[in-house]
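Fold and contact review
Take a look at the letters that make up each chain.
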Amino acid sequence: RACSSGRGGGGRGVRPTCAQPARAHASAMGASASQEDFSDEGSQASVSPGESADGRSGPSGSSSKAAPKLSPSQKEALKEAETRPLLQAVVEDFAWMLGMEPPPPSPTDRRGQLVRTHNGGWVDATSEEVQFPFEDLKKAFCVFRRGIYANPEASVRIGPVVGKVTDTAAIIMVEVDSPCDLGVHLARVAGRCGNQLPQGPWPLALVAADGENTQGERSEGWSVTRPLVGQRLEEMTFTAAGSLSVSHSCEPRRPHTFLFEGLHPNTGYVVMLSNVCQQDVDTRIARFKTLPRVLDSLRIVVLSGHQPPIRAVGAANPWQRLHKVACEGPEVTVALHVGSIVDIVPASDEAAKCLTDLYSFTRGARKDLETRARQVLRNAYWDAWGRHDGLRKILGEVGSHLPIFAPPLDGNLLRPAEAASDGATEDRNTILKIGLDVYREYQRALWHPLTPEGRPDVRIDARDDVARLKAGGAMRNGVELSTPSQDKEYLTHSGTRSTATVEEWHMHRYGCICILALDTKGSLLSKGGKATSLLSALQWSTLSQILHDPFTKVIVIASDIPFVLDEAVPRSTADGMPVSWSAYQDELHNLLEKLFKWKHAQYPAREVVLLSSGPGFGTTGDICDHELGLSIPIAIVGPVLGRVCNPKRCKLQSTLAGGRFSYVYRNPVDKWNFCMVDIDLSASQHKPNVEVQMIETEVPPGTTWAGGVSVGFALADSRRAVSQMATLR
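Residues numbered from 1 in each chain as written. Predicted model: local features only at pLDDT ≥ 70, side-chain atom pairs only at ≥ 80, totals over all residues. Heavy atoms only, no water.

**What to know about the overall build of the protein**
- A count of helices and strands for the protein gives 13 helices and 31 strands.
- Counting across all 729 residues of the protein, residues that qualify as buried make up 58%.
- Within the protein, contacts between residues at least 6 apart in sequence are counted, and of these 74% link residues at least 24 apart.
- As displayed, the protein offers around 30,600 Å² of accessible surface, 51% of which is attributable to carbon and sulfur atoms. (Helix = DSSP H or I, 4+ residues; strand = E, 2+ residues; numbered from the N terminus. Buried < 20%, exposed > 50% of the residue type's maximum accessible area, 1.4 Å probe, protein only. Contact = heavy atoms within 4.5 Å. Areas by Shrake-Rupley, 256 points an atom, 1.4 Å probe, with all protein chains shown as cover.)

**Description of the pairing of strand E26 (residues 619–625)**
- Of all 7 residues that make up E26, 7 are buried, and the element is covered over most of its length.
- Relative to strand E27 (residues 630–637), E26 runs antiparallel, the two sharing 7 bridges. What sits directly across from Cys624, in E27, is Ser631.
- The antiparallel hairpin formed by E26 and E27 contains 4 residues in its connecting segment, where Gly629 sits at a positive phi of about 70°.
- Direction of pairing for E26 relative to strand E29 (residues 661–665): antiparallel, over a ladder of 5 bridges. From the neighbouring strand, Cys624 faces E29, where its bridge partner is Ser662. (Pairing = 2+ DSSP bridges.)

**So, the pattern of salt bridges**
- Here the structure, examined in full by the defined rule, presents 28 salt bridges.
- Close ionic contact of Lys138 with Asp282 constitutes a salt bridge, the shortest N to O distance being 2.4 Å. With a gap of 144 residues between them, Lys138 in the loop between strand E7 (132–133) and strand E8 (156–165) and Asp282 in helix H3 (residues 278–283) connect regions that are remote in the sequence.
- For Lys138, a relative accessible area of 31% gives the class partly exposed.
- Ionic pairing is found between Glu235 and Arg232, a salt bridge with its closest N-O pair at 3.8 Å.
- Each of Arg374, Lys433, Asp437, Arg440, Arg444 and Glu504 takes part in one network of salt bridges that share partners. (Salt bridge = Lys/Arg side-chain N within 4 Å of Asp/Glu carboxyl O.)

**A look at the sheet that holds strand E25 (residues 607–613)**
- What the 9 strands build is an open sheet, ordered E21-E22-E23-E24-E25-E27-E26-E29-E28; its pairing is mixed. Strands at the two margins of the open sheet, each flanked by one partner only, are strand E21 (490–494) and strand E28 (653–656). Recorded for the sheet is a direction-independent mean angle of 15° between the axes of neighbouring strands.
- Here E28 runs beside E29; their pairing, made up of 4 bridges, is antiparallel. Looking at E29, one finds that Thr655 is bridged to Ser662. (Axes fitted to C-alpha atoms, helices over the stretch in contact; angles between N-to-C directions.)

**Points about the state of the cysteines**
- In the structure shown here, the tally under the stated rule is 0 disulfides.
- Left unpaired, Cys650 is separated from the closest cysteine sulfur, that of Cys645, by 6.7 Å. (Disulfide = S-S within 2.5 Å.)

**A short note on the sheet that holds strand E17 (residues 400–403)**
- With mixed pairing, 5 strands are arranged side by side in an open sheet as E17-E16-E15-E30-E31. The strands lining the two open edges of the sheet, one partner per strand, are E17 and strand E31 (689–697). Sheet twist, expressed as the average angle between the axes of neighbouring strands with direction ignored, equals 20°.
- Summarising the sheet, strand E15 (residues 297–303) and strand E16 (residues 334–337) pair through 4 bridges and their orientation is parallel. Its bridge partner being in E16, Leu303 is matched across the sheet by His337.
- Each of E15, strand E30 (672–680) and E31 touches helix H4 (residues 318–328); the most contacted strand, E30, lies at about 20° to it.

**Here's the deal with a nonpolar patch on the surface**
- Together, Phe94, Met97 and Leu98 make up an exposed nonpolar region whose accessible area comes to about 350 Å².
- Here Met97 is to be found in helix H2 (residues 72–98).
- Taking the relative accessible area as the measure of exposure, Met97 reaches 57% and is therefore exposed. (Patch = residues over 30% accessible without salt bridge, like charges linked within 9 Å, V, L, I, M, F, W, Y side chains within 5 Å.)

**A few points about unusual backbone geometry**
- Between Gly159 and the following residue, Pro160, the backbone shows a cis peptide bond with an omega angle of 0°.
- As for its position among the elements, Pro160 is in strand E8.
- Pro604 follows Tyr603 through a cis peptide bond whose omega is 5°.
- The residue Pro604 is located in the loop between helix H12 (585–601) and E25 in this model.
- Not every positive phi belongs to a glycine, and Phe141 is a case in point at roughly 60°.
- Examined against the element boundaries, Phe141 turns out to sit in the loop between E7 and E8.
- Non-glycine residue Asn266 carries a positive phi angle of around 55°.
- Exposure remark for Asn266: the relative accessible area of 17% places this residue in the buried category.

**Details of the confidence of the model for the protein**
- Predicted confidence across the protein gives a mean pLDDT of 76, with 68% of residues reaching 70 or more.
- Taken together, the stretch residues 192–223 has pLDDT below 50 and engages in 57 contacts with residues farther than four places along the chain or on a different chain.
- Confidence drops under a pLDDT of 50 for residues 712–729, and excluding neighbours within four residues, the segment shows 34 contacts in the predicted structure. (pLDDT = per-residue confidence, 0-100.)

**Considering the packing of helix H5 (residues 344–354) against helix H6 (residues 363–386)**
- Following both chains from N to C, one finds H5 and H6 inclined at 175°, their axes separated by 8 Å at the closest point. Regarding the angle of H5 to H6, the classification is roughly antiparallel. Counting all contacts with H5, which are made through Ala347, Ser348, Glu350, Ala351 and Cys354, the residues of H6 involved are Leu369, Arg372, Ala373, Val376, Leu377 and Ala380.
- Class assignment of the residues belonging to the contact of H5 with H6 gives a composition of 8 nonpolar, 1 polar and 2 charged. (Parallel < 35°, antiparallel > 145°, perpendicular 65-115°, else oblique. Nonpolar A, V, L, I, M, F, W, Y, C, P; charged D, E, K, R; others polar.)

**Quick word on the environment of Val338**
- As for its position among the elements, Val338 is in the loop between E16 and H5.
- With a relative accessible area of 0%, Val338 lands in the buried category.
- Separated by 299 residues in sequence, Val338 and Val637 place their C-alpha atoms 8.0 Å apart.
- Sequence-distant contacts of Val338, defined by excluding residues within four places in its chain, comprise Val302, Leu303, Ser304, Ile404, Ala558, Ser559, Asp560, Ser612 and Ser613.

**Some remarks on helix H11 (residues 537–547)**
- Those residues of H11 that fall on the buried side of the exposure criterion are Gln539, Trp540, Thr542, Leu543, Ile546 and Leu547. Down the axis, H11 shows its buried residues gathered within 160° of arc, on one side only. Of the exposed residues in H11, those oriented more than 90 degrees away from the buried face are Ala537 and Gln545.
- Elements that come into contact with the buried residues of H11 comprise E21, strand E22 (506–510), strand E23 (513–517), strand E24 (554–559) and H12. (Arc of directions from axis to C-beta.)

**Things to note about the side chain of Ser662**
- Along the chain, the position of Ser662 falls in strand E29.
- In this structure the side chain of Ser662 is engaged in a polar contact, spanning 2.7 Å, whose partner is the side chain of His626. (Polar contact = N/O pair within 3.5 Å; in protein donor to acceptor, adjacent residues only side chain to side chain.)

**Overview of the nonpolar core**
- Trp319, Trp385, Trp581, Leu610 and Phe674 are the most contacted members of the largest nonpolar core, which totals 98 residues.
- At 8 residues, H6 tops the list of elements feeding residues into this core.
- If near-sequence neighbours (up to four positions away) are discounted, Phe674 is found in contact with Val301, Val302, Leu303, Pro318, Arg321, Leu322, Val325, Val637, Val640, Gln693, Met694 and Ile695. (Core = buried A, V, L, I, M, F, W, Y, C linked by side-chain atoms within 4.5 Å.)

**Some words on the packing of aromatic side chains**
- As enumerated under the stated definition, the model contains 10 aromatic pairs in all.
- Note on Tyr381 and Tyr442: the rings are 4.4 Å apart at their centroids and 5° apart in plane angle, and the pair reads as stacked. With Tyr381 in helix H6 and Tyr442 in helix H8 (residues 423–442), this pair connects stretches of sequence that are 61 residues apart. Each member of the pair, Tyr381 as well as Tyr442, is classed as buried. (Phe/Tyr/Trp six-rings, centres within 6.5 Å; stacked < 30°, edge-to-face > 60°.)

Structure representation (structure tokens):
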């Protein structure tokens, strides 16, 4: 297309600018015949399906080789692709002079896109029947116009990390170590890859189309497909239709988020990078699957804790164990982080040292020290998310990641901002501000761009002009703005960002399933905040809205501290941060009363699940309301990789609110662990099927962490305490 319509960069009142005439020839030889500019916060990116969005000339279509032989229909498409852009430009210019909205382009604008096949021929790129193997993704004029190319001077620090994914949108995060024009490519997997397996803890044989399972045995059962993460890239095929590329000028050592909208529902995508070193081109590959338009099942993996020991554990790495489970079981939809998966203690201490006596330096020196402290905290994410191979693969291949509020600061530094009366107070305020900024760069950015106020570095709508205009405008929250509230299958809502208060809670709706990630630190970190409650007023208001939503059937509530876990000797951290909800009894009773009443109102059609990070061990249990005769499943998770602590000082069963509520936990897990939550709304018309399963990984003997702390875990007293545990139904 020889003209940019200007609608993506401001709409009416912005005169379109015509490109060079040679651009139409390049479009006819394999590039897109339709291109539009998108901009967000000063960054510009042009994109079209199957084409690089950097706007620079790629491999020229007018090479010295002879032009391929085309059929009459293809010649007609080429002729129309060369003439239509000029006519469209004239119409748009005339409409601009009259102050009118230009008419939408004809659907035939994209018929001129051609791609090269294996035998050297050229076919229409819009046809989904044309499929390419994985090795052809890097070739030009196949799936992508320019192909995928390497740059030895740039390398990837973090990513690609898959953030929140809906039916038509996905967030991808990447960080590079040097300035470059990074290319991010989404290759659409041909067909429906990664269909759901039946829910349940039982093993299932995977049957191929010819009736042989993966062990080569004959079977008469029905055929199923492995999850997308369990499929080999070499066995996949891809189509140019629905694939897209974008190029963005990236700053070094800072994460960049790419929001792709207008994707195909229930479709697999593979994410590849270009203009980085060859090793990163070959290894930095992510994959995800968009959700169906109507969701009736959800698999959540719950994660917390990442503190690698001094020596690598090799095959015993629990992140590899998680990857194996994800490859064999149903498709993991969401990876919910209920705690930090970054080793924050050493980075937090080093950043605090950089800011010691900050007030004694000049303004310029302060800026340098703050930049150094910020980079120290960023390096903590690089060390965990970029250098640890097991965790890196999880972030790029297993589910869409939703982190809870867990700033990269030690508990001693998480204190409310105060008036700078002395140097120590100024140091604490500065490190708190930097810690919150870094958290928002890496963790909040994985879901926040899908909120109405979200600002990703690059926002791309993958739909062509016709589909975009027909839908009625840009997309937000994975659905069009004109969609009625009750029909918004995937909705994201969060606390507003403010300089006076900290509101880092967020809510995610997946059909009739709602996930609410609570913020238990915001009230304590707000300016002048002498918090009398654990949750802010906005969080209670959001919870009430969820409970009054008639479409909600299952509520999953996540917290970074246990909901019910009394201690023999109640304690708090040195700065007053609570270690469990037990320190706020009235608020805990209010929460449980609301949840049990909501469940009782339409029992058994409703269910609630409580998930939290633990003090160093994992277990599952139940909370019972003896007044209503109902129970709610609860799980304490973590660490996935880290120190395992002794639960001896914790009460694994107790009563609350004068005996109305009681809780009981099963034997704690003396191993590395994570949790799987399977929710199926289609198993029964009257009751959602919810299963909570703790998955363990053995800790190798002699595993030691920095400081000489080795694994030690005593369970005798804990097991005696729960020997008489009753089954709650």
